[in-house]
Amino acid sequence: ETPNDVSIKFYKGFISARKIYEESFKANEVRAFAKTDQEETLWENNAKVFNEAFEKNKQLKWWEITYGAVAVQLSEDIYAHTDRYFFKFLPKKLKFSTEDILIYDGKVAIINFRGDSTSIVLQSTDFYNNLKELFDFIWELLSDPESTKKTS
């Protein structure tokens, strides 16, 4: 794949959103912006699905900037089961119009599973590299959650 090769795929529906996540679970590294909501989840138990993904893929490392109603609870549940999941919280004043954005394996997935349920996966080396850099920059600016700080 050259930097100029680009593909864009559109997906409809809840099941397609799950399949995109399942594909990302096979990557070595995922960076994600994720909205968490108690009423609308992709799986009945998201934490269980994530914990199983870490169990199946021993290479998987996941960095997540999360926001939403149950962000703390869900993130801490996953964090408690693996040392390869890292999370920080998006400041409350920032609002994303999409549920989740996944950055993995040269792809950027924009996932919407609520409402009209349209997701997009863009495969572009340049876009992936730029968004990965931007994510890492934002990550460095955010403070660590209290639950992950070591107590002395």
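Residues numbered from 1 in each chain as written. Predicted model: local features only at pLDDT ≥ 70, side-chain atom pairs only at ≥ 80, totals over all residues. Heavy atoms only, no water.

Focus: the packing of aromatic side chains
Part 1 of the argument: Enumeration over the complete set of coordinates arrives at 14 aromatic pairs.
Part 2 of the argument: When the ring of F14 is compared with that of F113, the centres are 6.0 Å apart and the planes differ by 80°; the resulting orientation is edge-to-face. Taken as a pair, F14 in helix 1 (residues 14-24) and F113 in the loop between strand 6 (107-111) and strand 7 (118-124) lie far apart in primary sequence, 99 residues in all.
Part 3 of the argument: A ring pair is formed by F50 and W62, whose centres lie 5.0 Å apart and whose planes are at 80°; its orientation type is edge-to-face. On the criterion of sequence distance, the pair formed by F50 in helix 2 (residues 46-56) and W62 in strand 3 (residues 61-68) is long-range, its members being 12 residues apart. (Phe/Tyr/Trp six-rings, centres within 6.5 Å; stacked < 30°, edge-to-face > 60°. Helix = DSSP H or I, 4+ residues; strand = E, 2+ residues; numbered from the N terminus.)

Remarks on the pairing of strand 2 (residues 29-36)
Two faces, one strand: in a regular strand the side chains alternate between the faces of the sheet.
Part 1 of the argument: Most of strand 2 sits inside the fold, with six of its eight residues counted as buried.
Part 2 of the argument: With eight bridges joining them, strand 2 and strand 3 adopt parallel strand pairing. Within strand 3, the position partnered with A32 by the bridge is E64.
Part 3 of the argument: By the bridge criterion, five bridges tie strand 2 to strand 5 (residues 100-104) in an arrangement that is antiparallel. Residue pairing across strands places R31 opposite I103, the latter belonging to strand 5. (Buried < 20%, exposed > 50% of the residue type's maximum accessible area, 1.4 Å probe, protein only. Pairing = 2+ DSSP bridges.)

A short note on the environment of K9
Part 1 of the argument: Along the chain, K9 turns up in strand 1 (residues 6-12).
Part 2 of the argument: In this structure K9 comes out as partly exposed when scored by relative accessible area, which is 46%.
Part 3 of the argument: Taking the C-alpha atoms as reference points, K9 and S119, 110 residues apart in sequence, are found 8.4 Å from one another.
Part 4 of the argument: With sequence-adjacent residues up to four places away left out, K9 is seen in contact with S119, I120 and V121. (Contact = heavy atoms within 4.5 Å.)

Describing the environment of K26
Part 1 of the argument: Mapping K26 onto the fold places it in the loop between helix 1 and strand 2.
Part 2 of the argument: Along the sequence, K26 and Q59 sit 33 residues apart, while their C-alpha atoms lie 8.6 Å from each other.

Describing the nonpolar core
Part 1 of the argument: Y21, F25, W62, L102 and I111 are the most contacted members of the largest nonpolar core, which has 27 residues in total.
Part 2 of the argument: Of all the secondary structure elements, the ones that give two or more residues to this core are helix 1, strand 2, helix 2, helix 3 (71-79), strand 4 (85-89), strand 5 and strand 6.
Part 3 of the argument: The dominant element in this core, judged by the number of residues it contributes, is helix 2, at five residues.
Part 4 of the argument: Leaving out residues up to four positions away in the same chain, W62 has contacts with Y21, S24, F25, V30, A32, F50, F54, R84, Y85, F86 and L102.
Part 5 of the argument: Grouped together as the second largest cluster of nonpolar side chains are 13 residues, F33, I101, I103 and L131 included. (Core = buried A, V, L, I, M, F, W, Y, C linked by side-chain atoms within 4.5 Å.)

Treat this as a map of the structure, not an account of what it does.
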